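Letter by letter, the chains look like this.
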Amino acid sequence: MKKIFPVVLILFSMISMGQELKLERADEDFDKLNYIDAESIYLKVANKGFASEELFKRLGDIYYFNGNYKEAKNWYNKLFDGFEVSDPQYFLRYSQTLKSCGNDSLAASTYDLFLQKAGIRAKDLASSLDYEQIIAKNADRVDLVPISFNSDDIDFGTFVQGDYIYFSSSRSKGRTRMIDTWSSYPFLDIYKVEIKQGGFEFGKPRPIKGVVNAKYHESTPVITKDGNTIYFTRTNSSPKIDRKKHEVDHLKIYRATMVNGKWKDAEDLSINGDNYSTAHPMLSPDGNTLYFVSDMPGGIGETDIYSVVIKGDGSLGKPVNLGPSINTKGRESFPFITDDYGLYFASDGHFGLGGYDIFYVDLKSDKKGLYNLGEPTNGPFDDYGFWMDDTTKKGYFSSNREGVDNIYGFIEKRPVTNAFEQELTGRVSDIKTGEPIQGATITLLSVNRKALGTDHTDEAGNYHLSRNLMEDYTIRVDKEGYDTTDKYVPKGTGSPLDLSLTKSVIKPIGGENQADLSDVLNLNKIYFDFDDYTLTSESIVELEKIVEALKLHPQIKISIRSHSDSRGAASYNLMLSQRRAKATFNYLVKQGISPSRLTYIGLGEKYLLNDCNGRADCTEEQHLRNRRTEFIIGHGTHIDLENQKLEEGIDGDASGWQLEEDVMKGFYLIANVFKTEKYFKSFMDELQNRGLQPKVIEKDHLLYVYLGYYKTFKEAKGKLNRLNNGEYREKLWIYEVE
């Protein structure tokens with residue numbers, strides 16, 4: 001046995017070496033995009049029981065890139081069943097493959113894993129559920145029309161110039177057919193076919209004349225409006241001596257000019273390279289920008305869409321990537337630009353129906369919301385190469401849904417953007433009585449506060465607005481006699497969205513007080529997430545109200561007081577609350593409020609609003625109440641809060657002072673405001689000891705101590721001046737009760 005064992009090891013090593021040599025040959029074929037040839041080699045290795053992450057990736061990719069999703073699924077299943085896959089790109093490919101094979105649920109969850117592993121936040125790229133809803137809304141948006149000039153070979157990539165469609169085809173041209181080993185079809189050439197009267201009747205396709213069609217692939221032409229210049233895709237024809245021995249034949253974009261009815265002087269553009277591909281050109285409506293696809297270094301995914309300026313002398317500027325709102329970790333390709341700068345493109349990186357799907361995005365919009373064209377334009381296979389006439393709404397796209405790439409015609413019945421449009425409805429009522437409010441103004445605001453639409457409530461308090469379902473908004477409600485209110489509406493919020501208003505009863509005329517401005521304005525509290533000091537979108541809406549109030553009343557100064565909950569060390573909570581206060585301060589200053597009108601302080605967990613002091617079990621909602629920010633009218637936050645006559649969340653003994661039963665219309669001279677009664681009694685006693693006759697009213701859970709009531713503002717102002725010059729020199733504030 002000792003003599004046989006080394007022999008067995010040597011024999012096994014020889015067998016393994018043979019497998020490695022086979023894999024090395026297959027890798028070389030794979031890198032040359034010669035997928036069909038590599039297939040048999042990988043299959044043999046796999047069928048002998050060899051398993052590796054790289055092997056299953058390669059086999060899956062062979063079938064994925066050739067549109068054979070059934071076989072791709074088989075190998076991707078083995079990959080994910082047997083290995084801990086870390087590359088986000090394979091989650092994306094697996095998701096698209098599953099979707100094409102009808103495994104919708106697993107496809108959706110795999111796609112969401114792709115978003116997670118790729119570090120893509122939900123607000124940057126909608127989840128699978130978002131896309132499925134939109135795709136469903138876009139179903140049956142067009143009527144398909146059969147195209148008579150398709151062949152038994154590959155036909156795709158239409159562009160219309162005048163009365164002719166230009167397209168790519170591998171059909172026989174009456175000479176020896178050179179076979180592309182990747183696709184097993186002849187090489188592509190560019191053809192044109194006349195469009196006869198009626199729109200979908202055609203003449204006989206013919207190859208275009210001149211230098212465009214050469215030995216290997218030519219495809220995806222675009223022609224300038226004057227008909228004198230053509231841009232097209234061609235297999236790199238640079239001499240092999242100029243490139244490395246085993247270098248891949250990449251694609252390049254060429255440009256030619258029309259001379260006496262023929263294309264001449266094909267030019268290799270400056271954006272091309274021998275180590276990467278450029279392909280599928282498209283011109284902007286003004287002809288001054290070239291859009292194209294490339295896998296050049298520095299991109300986002302496998303292939304990205306770029307733009308480049310065409311200068312007056314014909315030279316090209318520096319390519320610009322269209323960015324992550326369009327380009328993904330996957331493949332983006334086949335751009336088409338409408339007259340109003342709408343971009344249609346194919347992608348397998350955005351969640352769709354499987355393989356390549358066609359998407360739309362408005363390049364003029366600040367928010368690049370994506371629209372999946374839905375069925376029947378998109379389906380389980382590869383759909384791409386979109387073109388449409390903006391006026392007639394007739395167009396073409398390409399698909400391999402019937403086993404080979406063909407061109408399909410269509411007539412659009414409704415715009416793709418309709419899938420995002422949704423009516424937002426609701427009812428506006430009085431917060432106390434529940435009665436409907438007629439004549440309230442409802443304004444829809446964008447995230448940058450731009451007004452997008454308005455409506456007025458009817459006698460039943462109902463309103464109707466049209467909005468984009470996939471964008472965030474704010475709704476502002478205005479009505480005379482009521483406090484204006486805003487409501488943050490995140491994307492996806494459905495109808496009905498009911499709103500309520502609070503009547504304006506007391507409003508400040510002048511002076512300063514220790515009231516919380518957020519209470520005066522009926523704000524939602526400025527809350528923070530646990531262990532965080534970042535302002536939320538909802539909080540920013542509320543801060544905008546503070547901004548407007550401070551601009552309207554330039555005499556008001558406020559102190560910003562930020563609190564934490566009791567979880568964690570007290571010293572850490574104090575620091576965290578200080579950061580929250582500063583974040584709020586910085587936001588107000590950024591909006592144009594003078595720092596001289598603001599002070600801020602973090603108070604940590606000192607002033608809790610409930611018993612959640614670390615010794616009691618509390619819910620997250622209870623802890624949330626303590627993570628708040630207040631806006632106290634008047635400065636003084638940098639001295640002991642105990643001396644400010646305003647204590648948060650601590651109840652003292654009842655003062656015994658009798659509240660006035662009725663709050664009458666008129667003007668009150670306010671001396672102080674309390675939220676609780678801890679210091680209430682001593683303050684009332686102090687005023688009485690000074691010979692004054694204080695009284696108190698309760699409004700909105702606040703105790704208002706006042707030194708006089710008057711029917712006119714003139715009388716109240718006169719008394720205020722006398723008191724300030726005489727027995728009571730502290731600040732008084734006039735409140736009007738309507």
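Let me sum up the structure you'll find in this document. Quick caveat, the model's predicted, so the values are computed rather than measured.

What about the overall build of the protein chain?
The secondary structure content of the protein chain amounts to 13 helices and 39 strands. When each of the 738 residues of the protein chain is scored for burial, the buried share is 49%. Sequence separation of 24 or more characterises 58% of the internal contacts of the protein chain that already satisfy a separation of 6 or more. Only carbon and sulfur atoms are counted for the fraction: they give 50% of the accessible area of the protein chain, which is about 35,500 Å².

Regarding the packing of helix α4 (residues 69–82) against helix α5 (residues 88–100)
Running from N to C, α4 and α5 point in directions that differ by 135°, and their axes come no closer than 9 Å. It follows from the interaxial angle that α4 and α5 lie oblique. Judged by the twist between their axes, the crossing of α4 over α5 is left-handed. Residue-level inspection shows Tyr69, Ala72, Lys73, Tyr76, Asn77, Leu79 and Phe80 of α4 in contact with α5, the latter providing Tyr90, Phe91, Arg93, Tyr94, Thr97, Leu98 and Ser100.

Let's talk about the sheet that holds strand β24 (residues 421–430)
Pairing within the open sheet is mixed, and its 3 strands lie in the order β27-β24-β30. Two strands bound the open sheet, and with one partner strand each, they are β27 (462–468) and β30 (499–501). Adjacent strand axes in the sheet meet at a mean angle of 35° when their direction is disregarded. Judged from the 7 bridges that link them, β24 and β27 form a sheet pairing that is antiparallel. Within β27, the position partnered with glycine 426 by the bridge is tyrosine 463.

Description of the state of the cysteines
Per the stated rule, a full pass over the model turns up 1 disulfide. Across the disulfide from cysteine 612 sits cysteine 618; the S-S distance is 2.0 Å. Looking along the S-S bond of the cysteine 612-cysteine 618 disulfide, the torsion reads about -105°, which is the left-handed sense. Classification of cysteine 612 as buried rests on a relative accessible area of 1%.

Overview of the nonpolar core
If you look at the biggest cluster of nonpolar residues, it comprises 66 residues, and the most contacted ones within it are Ile165, Phe202, Tyr344, Phe386 and Tyr396. Ile546, Ala549, Ile633 and Trp733 belong to the second-largest nonpolar core, a separate cluster that totals 28 residues.

Section: a positive patch on the surface
Side chains of Lys204, Arg206, Lys209, Lys262 and Lys264 sit close together on the surface and give a patch of like positive charge. Structurally, lysine 204 is set in the loop between β7 (201–202) and β8 (206–207).

A word on the environment of glycine 592
Looking at the element boundaries, glycine 592 is found in the loop between α10 (570–590) and β34 (598–602). Residue class for glycine 592 comes out exposed when judged on its relative accessible area of 60%. Through-space distance from the C-alpha of glycine 592 to that of lysine 551 is 8.8 Å; in sequence the pair is 41 residues apart.

Notes on the pairing of strand β14 (residues 289–294)
Most of β14 sits inside the fold, with 6 of its 6 residues counted as buried. Pairing between strand β13 (residues 278–283) and β14: 4 bridges, direction antiparallel. Directly across from alanine 279, in β14, lies its bridge partner valine 293.

Considerations on the sheet that holds strand β11 (residues 251–259)
Each strand in a sheet pairs with its neighbour through backbone hydrogen bonds, running either in the same direction (parallel) or in the opposite one (antiparallel). Spatially, the 4 strands line up as an open sheet ordered β9-β10-β11-β12, and their pairing is antiparallel. The outermost strands of the open sheet, each flanked by one partner alone, are β9 (218–223) and β12 (262–268). Ignoring which end each strand starts from, the neighbouring axes of this sheet average 30° apart. Across 7 bridges, strand β10 (residues 229–235) lies against β11 in antiparallel orientation. Within β11, the position partnered with arginine 234 by the bridge is lysine 252.

Comments concerning unusual backbone geometry
The linkage connecting glutamate 375 with the following residue, proline 376, adopts the cis geometry, with an omega of 5°. Mapped onto the fold, proline 376 is located in the loop between β20 (371–372) and β21 (383–388). A positive phi angle, near 40°, is found at threonine 220, a position not held by glycine. Take threonine 220: it is sitting in strand β9. Look at threonine 220 and you get buried, because its relative accessible area is 6%.

Things to note about the pattern of salt bridges
Enumeration according to the criterion identifies 17 salt bridges in this entry. Here arginine 331 makes a salt bridge to aspartate 348, at a shortest N to O gap of 2.7 Å. Linking arginine 331 in the loop between β16 (320–321) and β17 (332–337) with aspartate 348 in the loop between β18 (342–347) and β19 (357–362), this pair joins segments that are 17 residues apart in sequence. Here aspartate 383 and arginine 401 are joined by a salt bridge, their closest N and O atoms 2.7 Å apart. Here aspartate 383 is found in strand β21, whereas its partner arginine 401 is found in the loop between β22 (394–399) and β23 (406–412), with 18 residues between them in sequence. Judged by relative accessible area, which is 1%, aspartate 383 ranks as buried. The network of salt bridges with shared partners includes Asp61, Arg93 and Glu302.

A look at the packing of helix α3 (residues 53–65) against α4
Here α3 crosses α4 at 165°, and the two axes come no closer than 7 Å. Classified by the angle their axes make, α3 and α4 are roughly antiparallel. The element α3 and its partner α4 pack so that their crossing is left-handed. For the pair formed by α3 and α4, the contact residues are Glu53, Phe56, Lys57, Leu59, Gly60, Asp61, Tyr63 and Tyr64 on the first element and Tyr69, Glu71, Ala72, Trp75, Tyr76, Lys78 and Leu79 on the second. Of the residues assigned to the contact of α3 with α4, the class counts are 9 nonpolar, 1 polar and 5 charged.

Thoughts on α3
Spanning 13 residues, α3 covers 18 Å between terminal C-alpha atoms, matching the ideal 18 Å at 1.5 Å per step. Extensive coverage of α3 is indicated by the burial of 11 of its 13 residues. Every buried residue belonging to α3 is among Leu55, Phe56, Lys57, Arg58, Leu59, Gly60, Asp61, Ile62, Tyr63, Tyr64 and Phe65, and all of these are buried.

Thoughts on the packing of aromatic side chains
Applying the stated criterion to the full structure yields 35 aromatic pairs. A centroid spacing of 5.2 Å and a plane angle of 75° characterise the contact between phenylalanine 187 and tyrosine 216, whose relative ring orientation is edge-to-face. One end of the pair, phenylalanine 187, is in the loop between β5 (185–186) and β6 (189–196); the other, tyrosine 216, is in the loop between β8 and β9, and 29 residues separate them in sequence. Relative accessible area serves as the criterion here: at 13%, phenylalanine 187 is assigned to the buried category. For the ring pair tyrosine 344 and tyrosine 360, a centre distance of 4.9 Å and an interplane angle of 55° mean the geometry is tilted. One end of the pair, tyrosine 344, is in strand β18; the other, tyrosine 360, is in strand β19, with 16 residues separating them in the sequence. You'll find tyrosine 344 and tyrosine 360 in the same group, each marked buried. If you follow arginine 93 out to its NZ or CZ, it ends over the ring of tyrosine 90, 4.8 Å from the centre.

Notes on the environment of phenylalanine 114
With respect to the element layout, phenylalanine 114 can be found in helix α6 (residues 104–117). Separated by 20 residues in the primary sequence, phenylalanine 114 and tyrosine 94 place their C-alpha atoms 9.6 Å from one another.

Basis of the calculations
Residues numbered from 1 in each chain as written. Predicted model: local features only at pLDDT ≥ 70, side-chain atom pairs only at ≥ 80, totals over all residues. Heavy atoms only, no water. Helix = DSSP H or I, 4+ residues; strand = E, 2+ residues; numbered from the N terminus. Buried < 20%, exposed > 50% of the residue type's maximum accessible area, 1.4 Å probe, protein only. Contact = heavy atoms within 4.5 Å. Areas by Shrake-Rupley, 256 points an atom, 1.4 Å probe, with all protein chains shown as cover. Axes fitted to C-alpha atoms, helices over the stretch in contact; angles between N-to-C directions. Parallel < 35°, antiparallel > 145°, perpendicular 65-115°, else oblique. Left-handed = near helix turned anticlockwise from the far one by under 90°. Pairing = 2+ DSSP bridges. Disulfide = S-S within 2.5 Å. Core = buried A, V, L, I, M, F, W, Y, C linked by side-chain atoms within 4.5 Å. Patch = residues over 30% accessible without salt bridge, like charges linked within 9 Å, V, L, I, M, F, W, Y side chains within 5 Å. Salt bridge = Lys/Arg side-chain N within 4 Å of Asp/Glu carboxyl O. Lys, Arg positive; Asp, Glu negative; His and termini not counted. Charge placed at Lys NZ, Arg CZ, Asp CG, Glu CD. Nonpolar A, V, L, I, M, F, W, Y, C, P; charged D, E, K, R; others polar. Expected span 1.5 Å × (residues − 1). Phe/Tyr/Trp six-rings, centres within 6.5 Å; stacked < 30°, edge-to-face > 60°. Lys NZ or Arg CZ within 6 Å of the ring centre and 35° of its normal.

The values reported here are purely geometric and, on their own, carry no functional implication.
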